[in-house]
Structure formats: structure tokens, C-alpha cells
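Coordinate inspection notes
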Amino acid sequence: MIKLGIFDSGVGGLTVYKKVRQALPGADIHYFGDTARVPYGTKSAETVTQYSIQIGTYLQASGVDAVVIACNTASAYAIDVLRSVLPIPVFGVVLPGAAAAVRSTSNGIIGVIGTRGTVASGAYQRAITELDPDMKVVAAHCPLFVPLVEEGWLLDPITQEVAIRYLESLMEEGVDTLVLGCTHYPMLKEVISMVMGHEVTLIDSAEETAVKLKEYLDDNGFVDEAASGTDLFEVTDLPQRFQDVGQVFLGRKLENVQQVTIVEGEE
Ligand code: DGL
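Below, the structure is looked at part by part. Computed from a predicted structure; not experimentally measured. (Residues numbered from 1 in each chain as written. Predicted model: local features only at pLDDT ≥ 70, side-chain atom pairs only at ≥ 80, totals over all residues. Heavy atoms only, no water.)

Quick look at the overall build of the chain
- Helices and strands together make up the secondary structure of the chain, namely 11 helices and 10 strands.
- A compact globule built from 267 residues would reach a C-alpha radius of gyration of about 18 Å, and the chain, at 17 Å, matches this within 12%.
- Projecting the C-alpha coordinates of the chain onto the three principal axes gives extents of approximately 50 × 40 × 40 Å.
- A separation threshold of at least 6 residues defines the contact pool for the chain, and within that pool the share at least 24 residues apart is 75%.
- Approximately 11,200 Å² of the chain is accessible, and the part contributed by carbon and sulfur atoms is 52%.
- For the chain, the centre of its 18 positive side-chain charges and the centre of its 35 negative side-chain charges are spaced 1 Å apart. (Helix = DSSP H or I, 4+ residues; strand = E, 2+ residues; numbered from the N terminus. Rg over C-alpha atoms; globule rule 2.2 N^0.38 Å. Contact = heavy atoms within 4.5 Å. Areas by Shrake-Rupley, 256 points an atom, 1.4 Å probe, with all protein chains shown as cover. Lys, Arg positive; Asp, Glu negative; His and termini not counted. Charge placed at Lys NZ, Arg CZ, Asp CG, Glu CD.)

And the structure:
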């Protein structure tokens, strides 16, 4: 039996939860959404790192065997610190996404989209070029995608217009592979693919992370008993909005959502 902690700035990490749940049906999952302090994508590295340490420490104290940082911004800024602070394995979404992109590209031109923070951190760009220095990486931040997804406007003409505006420069650069480097973006795969052209491969960091996580657990003797695992969802603001938007993400009602408080400065 394995107990996993997954955290995000809010509801977006449910894209990661969904893939992890599919890969590990027997795992107990403790999901933490920091809805009182969302968004992370516009905050400084220091702030996001501090929040990540608080939540990682909280999850570890709750008894999880491993922590998954579902939030791309938190993965980009805080994974190294969190790994040094926590005595349990910590997984992020950046490296699995970067590795999948390097494997997938034919022309060596990879696009990365994410929050302002993720793009500014250079984490994906570094991870990709460390794996293969010949790669050219073109990155763009697409902040409006987050509220559009939360509004449920997944196939709306407005979303398509916004996507054209954001993705134009990447198309001009000739990317053949595009990393969806934000929790929310897998929800827009259809629109993004329509705009980029279906020949461009979209890399879903959430999916790649679940694959890596399962590989690690299998290799390290964690047994997934294939029984149905339990879910606990904790949020730092009122559960209602998390439940409403969560339904857009998962296509089902979320049970067992509780509000909790993390003490300021708790590390
Ligand atoms: N979860 C964030 C990410 O993947 C997006 C939302 C936010 O800015 O907090 O980067």
C-alpha cells in the first residue's frame, strides 16, 4: 500500500491527480490545493518555494510515502529545495515533460508554454538542453489559459483566439513538439492542437509524471495492491469552488473535500 501526497496551487493539479490515479488505482492519494494563495504563476521564486516547503512538510507529516509537485511553477522553482528538506522521494512535473519532449522531437525545436513564473525560471529550457544541448527551446507564457479553463471555456472561439495570439511565435519558430508546462493546459489540448496543427506533438507533463512515478514505485518495491485506493482532497479556502471547477477537470463530482489551514511560517 502506498500513500501519495500531490500538491498544487489549486485545482489545476487535478490533471496530475487524474493520471496518477489511472496509473496507480490502489494508491491512497492525499491531494492538497492551496486555493487561498493561488495563483503561484505570478509569484516570486522565494514565495513559491516557501509555500512549497510548508505544504511538502505538511504532507510528509500526514504520513505520505512520496510527494508529487503537480504545480509546474512550484516544480520549476522549488523541487531542489524540497528534495533537500524532505526525507521522502519528491517528484516534479518538469523533468518528465522535458524528457518526453526530447524523445519526441524530430527537428530539435521544442516549444514550452507555462505560467510567467515557469517560463521565467528557465527550468524547462535548462532541463531540455541538459538532456540534449543541440535542442532549441522556444518558450512562451500563456497566463489567460488558466482562467479560461477554470471558466470551462475549453472549446470556445475566444479561447481559440487567445491561443492563436499566444502560440503564433512558436509556430513561426517551427516547433514540432510543444510541452504543456502548466497544470491547466492539458484541458486545452484540442484547441492548442487545432491552432498549432495536428502534426505538432503535444507533451502532457501530467501524463509523463504519472508514468515516471509508477516506474519508480515499481522499481523500488512499492506494491500497488490494485484495490481501489482512497482520496482525500484538502484545500486552503472554501471547498465549493474547488468542487465546482474540479468537476470540469475530472468530469465527476469530488467527494471528501475539506478545508484546512497551514500555519503561516510553518516549515
Ligand atoms: N498550477 C499552476 C502551474 O502549473 C498554474 C496556476 C497558478 O498560477 O497557480 O504552474
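Picking up where we left off.
Focus on the layout of surface pockets
- Here the largest pocket is characterised by a volume of approximately 440 Å³.
- As for the largest pocket, its lining consists of 20 residues, and the residues nearest its centre are Ile 79, Asp 80, Arg 83, Val 94 and Leu 95.
- Secondary-structure elements contributing two or more residues to the lining of the largest pocket are helix H3 (72-85), helix H4 (94-104), helix H6 (123-131) and helix H10 (205-219).
- In terms of residues, the lining of the largest pocket owes the most to one element, H3, which gives 7 residues.
- Estimated volume of the second largest pocket: approximately 350 Å³.
- Lining the second largest pocket are 23 residues; nearest its centre among them are Pro 39, Tyr 40, Gly 41, Thr 115 and Val 146.
- Those elements that place two or more of their residues in the lining of the second largest pocket are H3 and helix H7 (145-150).
- Residue contributions to the lining of the second largest pocket peak at 3 residues, all from H7.
- Per-class residue counts for the lining of the second largest pocket are 9 nonpolar, 11 polar and 3 charged. (1 Å grid on protein atoms, 1.4 Å probe; cavity = no way out; pocket = protein on both sides within 12 Å on 5 of 7 lines; lining within 4 Å. Points joined across faces, edges and corners; volume = space filled by probe spheres on them. Nonpolar A, V, L, I, M, F, W, Y, C, P; charged D, E, K, R; others polar.)

So, empty space enclosed by the protein
- This model, assessed by the stated rule, comprises 1 cavity of 30 Å³ or more.
- Along the walls of the largest cavity sit Thr 15, Val 16, Ala 70, Asn 72, Val 93, Leu 180, Cys 182, Thr 183, Pro 186, Asp 204, Ser 205 and Ala 206, which together make up its complete lining.
- Breaking the lining of the largest cavity down by element, the ones donating at least two residues are helix H1 (14-23) and H10.

Concerning the environment of Gly 63
- Take Gly 63: it is sitting in the loop between helix H2 (45-61) and strand S3 (66-69).
- On a C-alpha basis, the gap between Gly 63 and Ile 29 in space is 11 Å, while along the polypeptide they are 34 residues apart.

Focus on the packing of H1 against helix H11 (residues 239-250)
- Viewed as axis vectors pointing N to C, H1 and H11 meet at an angle of 55 degrees, and their least axial separation amounts to 10 Å. On the basis of their axis angle, the class for H1 and H11 is oblique. The interaxial crossing formed by H1 with H11 has right-handed handedness. When H1 is examined against H11, the residues Leu 14, Thr 15, Tyr 17 and Lys 18 are found in contact with a partner set consisting of Phe 242, Gly 246, Phe 249 and Leu 250. (Axes fitted to C-alpha atoms, helices over the stretch in contact; angles between N-to-C directions. Parallel < 35°, antiparallel > 145°, perpendicular 65-115°, else oblique. Left-handed = near helix turned anticlockwise from the far one by under 90°.)

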